[in-house]
Amino acid sequence: MKLGLVIDMDTCVGCHACVVSCKQWNTSGTLGALTDYEPYGKEPNGVAFNRVRSYEVDEYPNNKTVNMPMSCMHCETAECVTVCPTGASYKREEDGIVLVDQDKCMGCNLCSWACPYGARELDQASGTMKKCTLCVDRIYDTELPEAERQPACVLTCPSKARHFGDFDDPDSNVSVLVRERNGLQSMPELGYNPVNHYLPPRPKPNAPTHNGGQLEPLTDRFKKWLNKVVVR
Amino acid sequence: MHPAVSVILFTVSSGAGFGLILMAVALSLMGWVPGMGPGHTLVAILIGSVLATIGLLSSTAHLANPKNAWRAFFRFRSSWLSREGVFAVLFYPTVLVYLISLWLARDTGSLAWWGVLFGILTGLLALATVFCTGMIYASLRTIPQWNSALVPANYLLLAISSGTVILTLIAAIQGIELNVLSGLALVLLVIAGLAKLLYYIWIGKPQGPTLNTAMGITRAKIKILESGQSSRSFLNKEFSNQVPAQTVKQMRWVVYLAGFVIPAILMLIVLQTSMMVLTALAVLLLLGGLAIERWLFFVEARHVVNVFYGQ
């Protein structure tokens with residue numbers, strides 16, 4: 001098995017719901033608390049497994065906003081595991097999930113240096129490295145109803161931009177999505193071979209823009225808009 | 001990259017210590033320095049071991065969870081950090097046996113066969129430890145400025161040249177003739193300086209992944225709108241730095257002058273005059289210059305995570 005995520009950059013609206021639900025689930029998950037520093041201070045920050053960043057792609061009038069959520073890619077060539085001197089970082093043989101054994105980590109930061117995706121963050125309170133577990137404590141939990149055995153971020157996504165599945169199975173939902181929508185890897189030139197894939201924004205016609213000059217009278221524009229909106 | 005003081009102290013101090021040991025072992029076994037007996041080598045090896053130990057101890061200061069540091073010796077097959085730790089620990093019993101053989105030979109002046117053997121082993125372990133330190137950085141594909149054979153080459157050359165300058169000072173205090181040592185130090189400083197210059201020219205080229213390859217949108221301009229966080233996180237604190245380009249430029253001059261040019265000129269004068277004060281001045285300048293060189297090594301390294309923050 002090769003478990004991972006497919007993230008749709010076309011439908012992601014950048015609402016950060018996945019960030020919040022990830023933190024909510026994992027702060028009491030297998031990797032222990034996700035410490036917050038100065039939660040009520042001037043500069044609140046803390047450990048997070050999942051972060052969403054928003055970008056403006058291209059220039060006016062062709063510009064559009066693209067949101068890119070990022071968590072651990074569970075790379076096939078996981079250099080973070082190779083550089084770990086203590087053996088605390090490991091990649092599971094059975095499903096390819098990369099985890100950190102909190103009892104072995106000495107907090108040297110080298111694995112976070114080796115990760116190009118910023119997936120690993122040091123928890124200053126425990127002095128250990130923490131990272132996305134692909135909700136390993138959810139996806140195998142037989143106490144949960146089968147539909148809920150998915151990572152917290154996938155379950156919560158209101159625009160259904162996140163998909164979880166097995167990339168080894170060519171007919172799984174994620175493999176089909178990657179095949180049909182030209183799913184891509186982030187920074188393929190580094191050769192980490194990340195399992196998580198991103199679906200690029202669909203090509204869409206640009207929103208009509210007005211290049212200055214005299215506008216039509218307001219009543220005409222209102223009528224045009226009304227004709228477009230009201231379905232007869 | 002964030003320049004941690006403990007890592008700067010570690011690499012400069014243990015580099016100079018291991019370089020000193022390597023050169024002392026090599027020169028005394030070859031017998032190239034006239035008047036340098038086992039007693040003199042003994043002092044040099046002891047000082048080198050102290051420098052290396054100060055460095056290795058300070059390296060544990062950057063660990064967030066040092067109680068697990070003993071586990072770092074068990075991934076020798078894959079991790080350069082683990083290899084460095086193993087070689088550094090193997091170094092101690094080896095150097096102890098070598099020191100005993102030097103102690104026994106201090107009156108007769110002739111080293112036993114096992115002394116020679118352990119001398120060679122000590123030198124090789126010192127060399128291996130410095131090489132591993134360089135490879136820890138050079139093995140990271142995420143930092144284009146480090147991912148080069150120039151990095152371990154620089155670490156080795158700087159260790160050997162700074163070690164030789166310190167060995168010259170020790171020899172000056174011991175009253176040994178300085179011609180061979182200061183000449184050798186001069187040559188090594190010039191080679192190390194040229195290698196560092198080559199490195200600075202090489203990192204001047206734009207290289208590494210961009211936001212375009214990160215998002216898979218390769219034919220449009222991309223800029224960041226929102227980082228999604230209201231204050232600096234671990235990723236920003238560890239991987240980005242706000243040192244102005246002007247400061248970096250000025251510091252490079254300091255590195256060239258204090259780290260290479262002035263110590264080389266001082267060694268040239270020492271070659272003619274054998275003045276101890278100038279040797280001591282060269283050591284001080286060189287160590288200061290190397291500390292700044294190491295600080296720059298971190299400051300100028302640009303981790304690819306910065307790409308996602310539009311930097």
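Below you will find a few notes about this structure.

Quick notes on the rules
Residues numbered from 1 in each chain as written. Chains lettered and ligands numbered in written order. Predicted model: local features only at pLDDT ≥ 70, side-chain atom pairs only at ≥ 80, totals over all residues. Heavy atoms only, no water. Contact = heavy atoms within 4.5 Å. Buried area = accessible area lost by both parts, 1.4 Å probe. Salt bridge = Lys/Arg side-chain N within 4 Å of Asp/Glu carboxyl O. Polar contact = N/O pair within 3.5 Å; in protein donor to acceptor, adjacent residues only side chain to side chain. Helix = DSSP H or I, 4+ residues; strand = E, 2+ residues; numbered from the N terminus. Nonpolar A, V, L, I, M, F, W, Y, C, P; charged D, E, K, R; others polar. Pairing = 2+ DSSP bridges. Axes fitted to C-alpha atoms, helices over the stretch in contact; angles between N-to-C directions.

## Brief notes about the interface of chain A and chain B
Where interface size is given, it is often the accessible area lost as the parts come together that is meant.
So, point 1. Counting residues at the interface gives 58 residues for chain A, matched by 58 residues for chain B.
So, point 2. Around 4600 Å² of area is buried between chain A and chain B when both sides are counted, 60% of it from carbon and sulfur atoms.
So, point 3. Here chain A is connected to chain B by three salt bridges.
So, point 4. Between Lys221 of chain B and Glu59 of chain A there is a salt bridge; the shortest N-O distance is 3.5 Å.
So, point 5. Our count for the contact surface shared by chain A and chain B stands at 26 residue pairs in polar contact (both at pLDDT 80 or more).
So, point 6. If you list the elements that add at least two residues to the side of chain A that touches chain B, you get strand 4 (51-57), strand 5 (64-70), helix 2 (79-83), helix 3 (110-114), strand 8 (121-123) and strand 9 (128-130) of chain A.
So, point 7. Per-element accounting of the side of chain A that touches chain B gives the leading share, seven residues, to strand 4 of chain A.
So, point 8. Tallied by class, the residues present in the side of chain A that touches chain B amount to 28 nonpolar, 18 polar and twelve charged.
So, point 9. One ladder, built from four bridges, connects strand 4 of chain A with strand 1 (residues 222-226) of chain B; its direction is antiparallel. Residue pairing for strand 1 of chain B: Ser54 of chain A is matched across the bridge by Glu226 of chain B.

## Re the sheet that holds strand 11 (residues 197-199) of chain A
Residues and elements named next belong to chain A.
So, point 1. Pairing in this open sheet of three strands is mixed, and the strands run 10-1-11 from one edge to the other. Edge strands, defined here as strands with exactly one partner in the open sheet, are strand 10 (162-166) and strand 11. On average, each strand axis in the sheet is tilted by 25° relative to the strand beside it, whichever way the strands run.
So, point 2. Sheet topology places strand 1 (residues 3-8) next to strand 11; three bridges connect them, and they run parallel. Within strand 11, the position partnered with Ile7 by the bridge is Tyr198.

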